Amino acid sequence: EIEGLTQAGHGALGLRDTRGALACFRKAFLLSLGTASPRLRRACAFNLGAAYVEAGKPRKGLKFLLESQPSEREAEEPLGDFYFNIRAAHEGLRDFPEALEYFGKAAGHCRTSSQAGTCVEMGCCYLGMREPARAARCFLDAARSYTVAESPEAAAVALSRASGSMLQSRRFGAAEIAGILAWCRSLCESIPDPALRGKLYNDIGLGYAQLCVFSLASESFERALALCQGALGRRGEAALLQNLGAARNAQHSFGTALGLHRRAAALHGAVGNRRAQGQCFGNLAYAFSQLGNHEAAAENYLHALQAFRDSGDVQGQWQACEGLGAACFHLGDPQKAVGHYQEAL
């Protein structure tokens, strides 16, 4: 009966039915308590603990996993799965130092093919510990391993995460980060999945934008938009259009940017994202101001101000007020400009 319940539990996990799996493993564990086999009890406790971790209940999972730990006399039993699940439980509890300790214990039990995945998981732990420089090195190690294993998709994703961590840490030079972004970009063409390719191009664009290389940022956002249009949903398409429009502003291509800002603002409005819509109105107003259309700039700064008030974004509000002050000054109303500047202050 225990064997049948165990098989049914693993089958349910394969179908992502964590509730069904827990029911099977829980019953198997209770039955095992009535047997004379410590090994069987530990096996059932392990299955139940791992299922709790999978179900997003790491505290309960850790309790049963610790009950399943073999004694020193049984150390010849394979421990890789045990350490992996203990690590996952600690990671779920956001106890990242403890999770990293179990990564070290599991290292000797890992197959070579899983080393890159281990590096990625360690990188995630370091991000959780707010150590982005260490995380970046883990992601870079993973990318190198994936490259050797001829897995360009996984390598590109690892490089994307590495570049983001490098930018976050501020311990890497612009040339070094640009080199990682270029490497990631070179791998994108060999990735068959257009959705993944589009997401990577968007991440690459954001990286180049932070490095102020706006020509490559725009090119990357355009590629992402071409690949993902229709597959991202309105929220995703709005974010891409907003990114591309902001990059065009930075390149002083204000005429080209106007349509992008309008489309992004409309899509953000359709999904109720008022803060992002306010940012698009602000970008649109800035583009109009640079084109000398201060009346349109003032109108869009007002739209931005209302959106930022609706979403409680104080920084957005003072930026919109400052923009309104500049627009009113250019429109020949210095008194109104002073009022907006005072509100900004």
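As shown above, the structure is provided for reference.
Since the model is a prediction, treat every value here as computed from it, not as a measurement.

Asker: Break down the nonpolar core for me, with residues and values.
Answerer: In this structure, Tyr 146, Leu 159, Ile 177 and Ile 204 are the most contacted members of the largest nonpolar core, which totals 67 residues. Residue contributions to this core peak at 9 residues, all from helix α8 (residues 132–148). In this structure, this core is formed jointly by two domains, domain 2 (111–229) and domain 3 (235–344), each of which donates at least three residues. Among residues more than four places away in sequence, those in contact with Leu 159 are Leu 140, Ala 143, Ile 180, Trp 183, Cys 184 and Leu 187. One finds Ile 2, Leu 22, Ala 28 and Tyr 52 within the second-largest nonpolar core, a separate group that totals 14 residues.

Asker: Summarise a positive patch on the surface; cite the residues concerned and give the values.
Answerer: A cluster of like positive charges, contributed by Arg 19, Arg 26, Lys 57 and Lys 60, occupies part of the molecular surface. Within the fold, Arg 19 resides in helix α2 (residues 18–32). Take Arg 19: its relative accessible area is 73%, and that puts it in the exposed class.

Asker: Talk me through the pattern of salt bridges; I want residue IDs and the actual numbers.
Answerer: In a structure, side chains of opposite charge can pair up when their charged atoms sit close to one another. Within the structure shown, the criterion is met by 12 salt bridges. Asp 203 serves as the salt-bridge partner of Lys 199, at 3.0 Å between the closest nitrogen and oxygen. With Lys 199 and Asp 203 both in helix α11 (residues 194–210), this residue pair falls 4 residues apart, about one helical turn. Connected via shared salt-bridge partners are Arg 185, Glu 189, Glu 219 and Arg 223.

Criteria and thresholds
Residues numbered from 1 in each chain as written. Predicted model: local features only at pLDDT ≥ 70, side-chain atom pairs only at ≥ 80, totals over all residues. Heavy atoms only, no water. Core = buried A, V, L, I, M, F, W, Y, C linked by side-chain atoms within 4.5 Å. Buried < 20%, exposed > 50% of the residue type's maximum accessible area, 1.4 Å probe, protein only. Helix = DSSP H or I, 4+ residues; strand = E, 2+ residues; numbered from the N terminus. Domains from an automatic or database assignment. Contact = heavy atoms within 4.5 Å. Patch = residues over 30% accessible without salt bridge, like charges linked within 9 Å, V, L, I, M, F, W, Y side chains within 5 Å. Areas by Shrake-Rupley, 256 points an atom, 1.4 Å probe, with all protein chains shown as cover. Salt bridge = Lys/Arg side-chain N within 4 Å of Asp/Glu carboxyl O. Lys, Arg positive; Asp, Glu negative; His and termini not counted. Charge placed at Lys NZ, Arg CZ, Asp CG, Glu CD.

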